[in-house]
Every structure is written in structure tokens, then in C-alpha cells.
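Next come the chains, spelled out residue by residue.
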Amino acid sequence: MKFPGSKLLHNWDLSVQKLSLDDLLRSCQQAGLTGFAEIKLPDAVAMIFYYVGGEVNALYREGPVAFSGQAALERLRVDSDRREGQVSVYELPIDMAHLLRGITNRQKLRENLQDRADLVELLHRMEKAEHTGTLEIQKPQGAAMLLLVRGRLSNTYWESSAGSTYEKREARSRLDEALDQPGESQVYLSDFSRDVWKSRHEVQDSVRSRLQPRTPNETTPAEQLVTEEQALRNQVLEELCAQLPSVAQAFLFDLMTGSILARRGGKGGGLRVGLLAEKVPNFTLFLRDLVATEDEDQVELIEVSTERMAVMVGIVPEAQEGIALMCEKSQPTALLGANLSRAIRGYAARLAPIRPADLAL
């Protein structure tokens, strides 16, 4: 697998420098790595994926036989005493790292993309199938990784054969140019598990405990990150409810899955408000995808009004989250919008120190 946008951090030649598997895993954990370690042995290759220092997936292939998860780590441990091979550690862009946590069913597609029109047709099929996962394209000129969310192209990475990395429109442009040039292309498609995404902050403690025992009160960097982020979410919602007495319900939700991450209730509410609130995340995701088809435009604020209720949703692009307000129409919507926009800016600003650039969603 090739991951455009990856950054090589370390490389070891096992014939020159001894490196045990425990040392490698411990080093990646302590560094809080978001990326992967690649181990190339004479007759096998393995990859261990990390998110905030926790092992979240592993792959091991020896000839036609492949293992994943803990089975891959166990197999790698059996071969870890080898004195030949290479070990490389890479950092990854965070959105790609998220998707790689849930990668399943990676398979090589039969088609050989001859030009950019073939790619357009393939992406159209992915859109109709509402595919979520990765599409890898390898050409002699370089390699591309396309991230798909419910059939919509979320991002594109391109790494040239010379090692230069590009993202988004520039990446797509260079990919199109490469497809129009001679040379066969190899295409790989992977699925993505939404269940894994929903638990993206949860480090697999069963893997960690096999390598590094933890005391009862010990917390991992990932667990600390989750606690701080959740406290900030709750604080943002509490401040909004205090500033806007008309709020019947305020909640913060994930833009990838629609899962509600935090919720606060102001005065009023009831069954009617609750039922309407449950529809807001899916409606927001639908509208965001619809708007994105128009020259990659993006939703910033959504407002829906009835005779009695006002619903406002603001997007926090830095966190890939949305903040929703369900309000009685006793306050002007302009005031609601101003407070919501201010809360979004404050949330993004306060989130930055908690979630540094290399860990941001």
C-alpha cells in the first residue's frame, strides 16, 4: 500500500541496528504517532497503524497468506528476531489516518484506467454505490489515494515518483495528467467500517496490554485527548444555553457518522423537539453532500424556521463536527446566528491547543 502525503520519520536497517518489536511499538506509542510502521522482511511484509500512539490495526502478509489485527501482530512477533530487513515509521495526514483505522476488504480491481475519463466513470459508479473507503491508483508517474465518503470524493492525495506530495485540486489535476500518459495503472479499492469510525478515539487496550502493562490509574494519550475534548464540547453547549434562554436543546454531532457527541437541554423541549432534533444530523449530512457537488462548495450555516421553532446548525470544519440549536422563536434569529457563529469560532480556537495540527480531525 502507498500513502501519498506520508512523511518518513525514522528508518532502521535490521542487519546494522538491532530493533525488537517491543522497542518499535513502545517508541511509536511514546511518540504519540499518528501514522504507520512498515516492516519489510526477506519473505514477508507487515504494517502497524497508529492513532495518537495506540495500535489500531495491523496487517501481515507472507506470500499469498495474509493476517490482520492481533493475528498479524502475533505472526510478526514470531518473526521479530530476524536480523535482516527494513523498518520504516511514517506520519500520515489525519483524515487518511482516520480512514485507515477502518480499512477492510482491500482488493485489486480488474480495470486498467486508460485516461481521466475512465476515472470519472469509476467515481460515478462509486457514487451510485455510496461507497465509503479508499481508492488507490498507482502509475509509473506516482500514486494517488482518494478518500470517499458515501460516494462523495472527500479528498485526494498525490505523490509523484520524485516524492513531491499534493492535495485536493492540485492532486486531482496531477492524477488526471498521469492517467492520460502511457503506462499501466493499478487500482485498489477498500471498504471502511463506520463502527470503527464511531470508536475512532478508542485505543485497542487489548493490543497495548500485551506489550506494556498499565497501572489502574494510568491513562493513555488518546484517553486524555477524549476527556479534554468532551469537556470542551460540554462547556461550549452550556455557554450557548446560558446566553440564549430560548434554547430548548443544543447538541454537537459528528459530521462523518451523524453520531451525537454531546447534548444539553435548555428550557422547554419535550417530545416534539426531541423527534425533530434526531433528524438534524442526517439532514445536515445530506445537505452538505448536496452542496459539495457544486464546485466543492461547503455549508457554513443552516437555518430552518417554523411558526414556533427555529433550528440552526453551524459547521466546525476544523473538527468535522456540527453544533445544532433548537430554539423557541422568542429571540431574533439574527441573535441566534451571531451567538452560534461566535461559539463555533471559540470552539475551534480552544480545540487547537488540545488537538494539535498533527492530531486535528
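K.L.:
Kindly report on the pairing of strand β13 (residues 247-254), identifying the contributing residues and their values.
P.N.:
For β13, a buried count of eight out of eight residues is recorded, marking the element as mostly surrounded by other parts of the structure. For β13 and strand β17 (residues 321-328), the ladder comprises seven bridges, and the chain directions are antiparallel. Within β17, the residue paired with glutamine 249 across the bridge is methionine 326. Bridge count for β13 against strand β14 (residues 260-264) is four bridges, and the pairing is antiparallel. Bridge pairing links phenylalanine 253 to isoleucine 260 in β14.

K.L.:
Report on the side chain of asparagine 339, specifying residues and quantitative values.
P.N.:
Within the secondary structure, asparagine 339 is located in helix α10 (residues 333-354). We classify asparagine 339 as buried; its relative accessible area is 6%. Reaching out from asparagine 339, the side chain makes a polar contact with the backbone oxygen of leucine 335 at a distance of 2.8 Å. Setting aside its immediate chain neighbours within four residues, asparagine 339 contacts Leu240, Gln243 and Leu244.

K.L.:
Outline the nonpolar core, listing residues and values.
P.N.:
Counting residues in hydrophobic clusters, the biggest one holds 24 residues, and the most contacted among them are Leu240, Val247, Val316, Ile323, Leu325, Leu340 and Tyr347. For this core, the secondary structure elements donating two or more residues are α8 (221-243), β13, β16 (309-316), β17 and α10. Take this core: its biggest share by element is seven residues, from α10. Residues contacting leucine 340, with those up to four places away along its chain left out, are Leu240, Leu301, Met312, Val313, Gly314, Ile323 and Leu325. One finds Leu19, Ala44, Ala72 and Leu76 within the second-largest nonpolar core, a separate group that totals 22 residues.

K.L.:
Describe in detail the pattern of salt bridges, supporting the description with residues and values.
P.N.:
Summed over all chains, the structure comprises ten salt bridges. Between glutamate 62 and arginine 75 there is a salt bridge, with its nearest N and O atoms 3.0 Å apart. Here glutamate 62, found in strand β4 (residues 54-62), pairs with arginine 75, found in helix α2 (residues 70-78); they are 13 residues apart in sequence, far enough to count as distant. Residue classification places glutamate 62 among the partly exposed residues on the basis of a relative accessible area of 23%. The exposure class assigned to arginine 75 is partly exposed, which follows from its relative accessible area of 32%. Across the salt bridge formed by glutamate 229 and arginine 233, the nearest N and O atoms sit 3.5 Å from each other. Placement of the pair is glutamate 229 and arginine 233 together in helix α8, with a separation of four residues, close to one helical turn.

K.L.:
Summarise the packing of aromatic side chains; cite the residues concerned and give the values.
P.N.:
Under the defined criterion, the tally for this structure stands at three aromatic pairs. Pairing phenylalanine 36 with phenylalanine 49 gives two aromatic rings, centres 6.2 Å apart and planes at 55°, and the pair type is tilted. Of this pair, phenylalanine 36 sits in strand β2 (residues 35-41) while phenylalanine 49 sits in strand β3 (residues 44-51), and the two are 13 residues apart along the sequence. Accessibility classification places phenylalanine 36 together with phenylalanine 49 in one group, the buried group. Note on phenylalanine 251 and phenylalanine 253: the rings are 6.0 Å apart at their centroids and 45° apart in plane angle, and the pair reads as tilted. Accessibility assignment for this pair places phenylalanine 251 and phenylalanine 253 in one class, buried.

K.L.:
Could you give an account of the sheet that holds strand β15 (residues 301-305), naming the residues involved and the relevant values?
P.N.:
If you walk across this open sheet you meet the five strands as β14-β13-β17-β16-β15, and the pairing is antiparallel. The sheet terminates laterally at β14 and β15, the two strands that pair on one side only. Ignoring which end each strand starts from, the neighbouring axes of this sheet average 15° apart. In this sheet, β17 lies alongside β16 in antiparallel orientation, the contact comprising eight bridges. Considered in β17, the bridge of methionine 309 is made with glutamate 328.

K.L.:
Residues and numbers for the sheet that holds β3, please.
P.N.:
Within a sheet, each strand pairs with its neighbour through backbone hydrogen bonds, oriented either parallel or antiparallel. With antiparallel pairing, six strands are arranged side by side in an open sheet as β1-β6-β2-β3-β4-β5. Both outer strands of the open sheet, β1 (7-13) and β5 (65-68), are each paired with one neighbouring strand and no more. If you compare each strand with its neighbour and ignore which way they point, the axes differ by 15° on average. Note: β2 against β3, seven bridges, orientation antiparallel. Its bridge partner being in β3, lysine 40 is matched across the sheet by valine 45. On top of the sheet, helix α1 (residues 21-30) reaches β1, β2, β3, β4 and β6 (86-91); it is set at about 30° to β3, its chief contact.

Quick notes on the rules
- Residues numbered from 1 in each chain as written.
- Predicted model: local features only at pLDDT ≥ 70, side-chain atom pairs only at ≥ 80, totals over all residues.
- Heavy atoms only, no water.
- Buried < 20%, exposed > 50% of the residue type's maximum accessible area, 1.4 Å probe, protein only.
- Helix = DSSP H or I, 4+ residues; strand = E, 2+ residues; numbered from the N terminus.
- Pairing = 2+ DSSP bridges.
- Polar contact = N/O pair within 3.5 Å; in protein donor to acceptor, adjacent residues only side chain to side chain.
- Contact = heavy atoms within 4.5 Å.
- Core = buried A, V, L, I, M, F, W, Y, C linked by side-chain atoms within 4.5 Å.
- Salt bridge = Lys/Arg side-chain N within 4 Å of Asp/Glu carboxyl O.
- Phe/Tyr/Trp six-rings, centres within 6.5 Å; stacked < 30°, edge-to-face > 60°.
- Axes fitted to C-alpha atoms, helices over the stretch in contact; angles between N-to-C directions.

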